[in-house]
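# Examining the three-dimensional arrangement
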Amino acid sequence: MTTSIFLKIMLLGLLGPVIDQNLFFAGLDLTTTTFAMAMRNIVPAITFVMAWIFRLETVKMKSLHSQGKIIGTLVTVGGGMIMTLIRGPSIQLPWTNHHTLHHQTSVNSTASTKDQIKGSLMITAGCFSWASFVIVQALTLKCYPAELSLTTLLCMIGALEGAVLAVVAERANASIWSINWDIKLFATIYSGIMCSGCAYSISGIVMRERGPVFVTAFNPLGMVFMAILGSSILGEKLNLGSVLGAVLIVVGLYVVLWGKNKDQNLQDQESSIDPQHSDGMKKLMLKHKHNVVESSEEKCSNHESV
């Protein structure tokens, strides 16, 4: 491992587990859940622009599949926004709870008294941090193509950096280090294993094959699963805005996948043409060399006969 790779891993541990998660949770505490989830859907668009800048994503404005990737990303982000910001009439399902839930009103009234501007800035900064994490991860995998090892190292370094941040921010509050057998411990363990360990390693494996834009394009799809699980397990009511947003997310993902598939096919064709072209050039050079040798031999024989 070189010094450059180690510095990139330290940057990954800082961007993902430390800055992104802390800013998102802090912004969530100052705003509402709906607003936080709506802002989280801008990550694919930010990643697409950053990947374009760092030349991790090929974009040709006159190409149909490149236009499809741009339109699909915008449609996916728009579907996530519609799903969280637009309600509409409720859709009654057999397994949903038909009684009105009153806790959402109390949550909204509590959140309205908090600092919305400060919270929105924190969530926006967290989105940029997560997009930067994906870009740096893609760059690191090019020189360190070991997904599981990279995930282990960045989680360890991120835990150390997060501990240092916690000591500095909560140095007068020793109770934050206490461990109890409650839901907080379960949430911490689940978040570390699934949201950090499994998510980072799986995204790294997919990222090596398809790129960072392909990985983040699935980010708004989590809201679809949240709506389905919330309706079937918690008995929450679905509304028309959620259904329309889910449909747009699926359509946008299909368009992005179509564009990425076309890019992959073009890359495969170019990689198959290059060896054939090089083999042809080698054959021509050998043939030319053979002709030169034969002509020189003929000249020598003619000179000897004279």
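### Looking at the packing of aromatic side chains
Throughout the structure, instances matching the rule amount to 7 aromatic pairs. Ring centres of Phe214 and Phe218 lie 5.3 Å apart, and the angle between their planes is 65°; on these two criteria the pair is classed as edge-to-face. Look at Phe214 and you get buried, because its relative accessible area is 15%. For Phe218, a relative accessible area of 32% translates into the label partly exposed.

### Topic: the nonpolar core
Soluble globular proteins tend to bury their nonpolar side chains together. Core analysis: the largest hydrophobic core is formed by 33 residues, its most contacted members being Phe133, Leu150 and Leu154. Of all the elements in the fold, those that place two or more residues in this core are helix H1 (3–30), helix H2 (33–40), helix H3 (43–53), helix H6 (116–143), helix H7 (147–169), helix H8 (183–210) and helix H9 (212–216). In contact with Phe133, other than residues within four places in its own chain, are Leu12, Leu15, Gly16, Leu154 and Tyr200. Grouped together as the second largest cluster of nonpolar side chains are 11 residues, Leu221, Val224, Ala246 and Ile249 included.

### Quick word on the pattern of salt bridges
Enumeration according to the criterion identifies 2 salt bridges in this entry. Put simply, Glu57 and Lys69 hold a salt bridge, and the shortest N to O gap is 2.7 Å. One end of the pair, Glu57, is in the loop between H3 and helix H4 (64–85); the other, Lys69, is in helix H4, and 12 residues separate them in sequence. Residue Glu57 shares its accessibility class with Lys69, and that shared class is buried. Between Glu147 and Arg208 there is a salt bridge whose closest N-O contact spans 3.0 Å. Residue Glu147 is located in helix H7, and its partner Arg208 is located in helix H8; the two are separated by 61 residues in the primary sequence. Here Arg208 falls in the partly exposed class, since its relative accessible area comes to 45%.

### Comments concerning the packing of H7 against H8
At a minimum axis distance of 9 Å, the contact between H7 and H8 shows a crossing angle of 140°. When the axes of H7 and H8 are compared, the pair comes out oblique. Of the two elements, H7 crosses H8, and the hand of that crossing is right-handed. Seen from H7, the contacting residues are Glu147, Leu148, Thr151, Leu154 and Cys155; seen from H8, they are Ser196, Gly197, Tyr200, Ser201, Gly204, Ile205 and Arg208. Classifying every residue of the contact of H7 with H8 gives 5 nonpolar, 5 polar and 2 charged.

### A look at the side chain of Asp20
With respect to the helices, strands and loops of the structure, Asp20 is situated in helix H1. The residues contacting Asp20, other than those within four sequence positions of it, are Leu15, Arg40, Gly126, Ser129 and Trp130.

Each value, and the rule that gives it
Residues numbered from 1 in each chain as written. Predicted model: local features only at pLDDT ≥ 70, side-chain atom pairs only at ≥ 80, totals over all residues. Heavy atoms only, no water. Phe/Tyr/Trp six-rings, centres within 6.5 Å; stacked < 30°, edge-to-face > 60°. Buried < 20%, exposed > 50% of the residue type's maximum accessible area, 1.4 Å probe, protein only. Core = buried A, V, L, I, M, F, W, Y, C linked by side-chain atoms within 4.5 Å. Helix = DSSP H or I, 4+ residues; strand = E, 2+ residues; numbered from the N terminus. Contact = heavy atoms within 4.5 Å. Salt bridge = Lys/Arg side-chain N within 4 Å of Asp/Glu carboxyl O. Axes fitted to C-alpha atoms, helices over the stretch in contact; angles between N-to-C directions. Parallel < 35°, antiparallel > 145°, perpendicular 65-115°, else oblique. Left-handed = near helix turned anticlockwise from the far one by under 90°. Nonpolar A, V, L, I, M, F, W, Y, C, P; charged D, E, K, R; others polar.

Honestly, that's just the spatial picture; any functional story needs more than this.
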